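Listed here are the chains, written in short residue letters.
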Amino acid sequence: MKKTVEQLLMKIYAGRADIHLDLYQLSNQHRRKHGRDCDMYPSDPLQAPLWKAIASLTHARRMLEVGCGHGYTAAVMASAGGPNCHVDTIEANPQHAKLAEKALQERDLSERITILRGRGQNLLPRLKGRYDVLFLDGDWREYPRYIPHLRRLTRPGSIIVTANLNPLFGGWGGRLQGKPAILSYLTRLVRDPHFRTYIVPGEWHSISVRV
Ligand SMILES: C[S@@+](CC[C@H](N)C(=O)[O-])C[C@H]1O[C@@H](n2cnc3c(N)ncnc32)[C@H](O)[C@@H]1O
């Protein structure tokens, strides 16, 4: 996104996209320090208002994230849901999980956010109950294996936001592996009668409603 567009959007949002920006900055600092192999890319702060809209739409009480990183989006989601909403967030990298745990404790958010350590593909089958909101922001090569659990862990009206579709469509990640997994995931999700899915061009997220 062009800098001028970003600035215009920030002006329009007038502070509504600024929540937990310090955690966003810490995530970027960590990634820059750890170089190429680190995938701690926090979501764009311009997406923060999306979580407020989705939390209101679903009357969210339970949210789930795959790919916690430093805890930035988990914190945004928890704040969007308010004090009666709980966020579970899955993180495969023990160092990232430790950083997030500390950061969330320091922000008095650890009661409202639970970090589950392990890979999404191993932990999703063990989760129980229904979530109002899901955010998939970890390893896209696992996405096809998530589909049966997406159905099981949602109720009609739940919303699933899937990030990291860029390797298939363009922008960052064009040279990364895993394009067939993204294609398979999106094709199945779009055709699944339990979901209505919109792929956001440019942003390369998808938004699915469970029906
Ligand atoms: C793009 S970052 C997530 C950033 C976070 N959602 C945010 O916006 O602040 C991806 C994170 O997912 C973790 N990860 C990668 N593969 C994973 C997997 N299969 N299961 C769970 N976490 C995974 C990485 O260690 C990294 O911390």
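Cut-offs applied
Residues numbered from 1 in each chain as written. Predicted model: local features only at pLDDT ≥ 70, side-chain atom pairs only at ≥ 80, totals over all residues. Helix = DSSP H or I, 4+ residues; strand = E, 2+ residues; numbered from the N terminus. Buried ≥ 20, exposed ≤ 12 C-beta atoms within 10 Å, placed from the backbone. Pairing = 2+ DSSP bridges. Near = placed C-beta within 6 Å. Nonpolar A, V, L, I, M, F, W, Y, C, P; charged D, E, K, R; others polar.

Notes on unusual backbone geometry
Of note, A14 is a non-glycine position whose phi angle comes to about 45°, a positive value. Not every positive phi belongs to a glycine, and H20 is a case in point at roughly 55°. With respect to the secondary-structure elements, H20 resides in the loop between α1 (3-13) and α2 (21-34).

A short note on helix α4 (residues 72-81)
Counting buried residues along α4, 10 of its 10 residues qualify, which places the element largely inside the surrounding structure. If you check which residues of α4 are buried, you get Y72, T73, A74, A75, V76, M77, A78, S79, A80 and G81. Once α4 ends, the next one or two residues include G82, with phi positive near 85°.

Description of the pairing of strand β6 (residues 195-200)
The pairing of β6 with strand β7 (residues 205-210) spans 6 bridges and is antiparallel. When the sheet's bridge partners are listed, V200 is paired in β7 with H205. Between β6 and β7, which follow one another and run antiparallel, lie 4 residues, and G202 among them has a positive phi close to 90°.

Overview of the pairing of strand β4 (residues 131-136)
β4 sits mainly inside the fold: 6 of its 6 residues count as buried. With 4 bridges connecting them, strand β1 (residues 62-66) and β4 associate as parallel partners. Looking across to β4, one finds that M63 is bridged to V133. Sheet topology note: the β4/strand β5 (residues 154-162) ladder contains 5 bridges and is parallel. Within β5, the position partnered with L136 by the bridge is T162.

Regarding the site of the ligand
Near the ligand you find 25 residues, and of these G67, G69, Y72, G138 and D139 are the closest. Elements with a minimum of two residues in the shell around the ligand: β1, α4 and β2 (86-91). Here the residues of the shell around the ligand are counted per class, giving 8 nonpolar, 10 polar and 7 charged.

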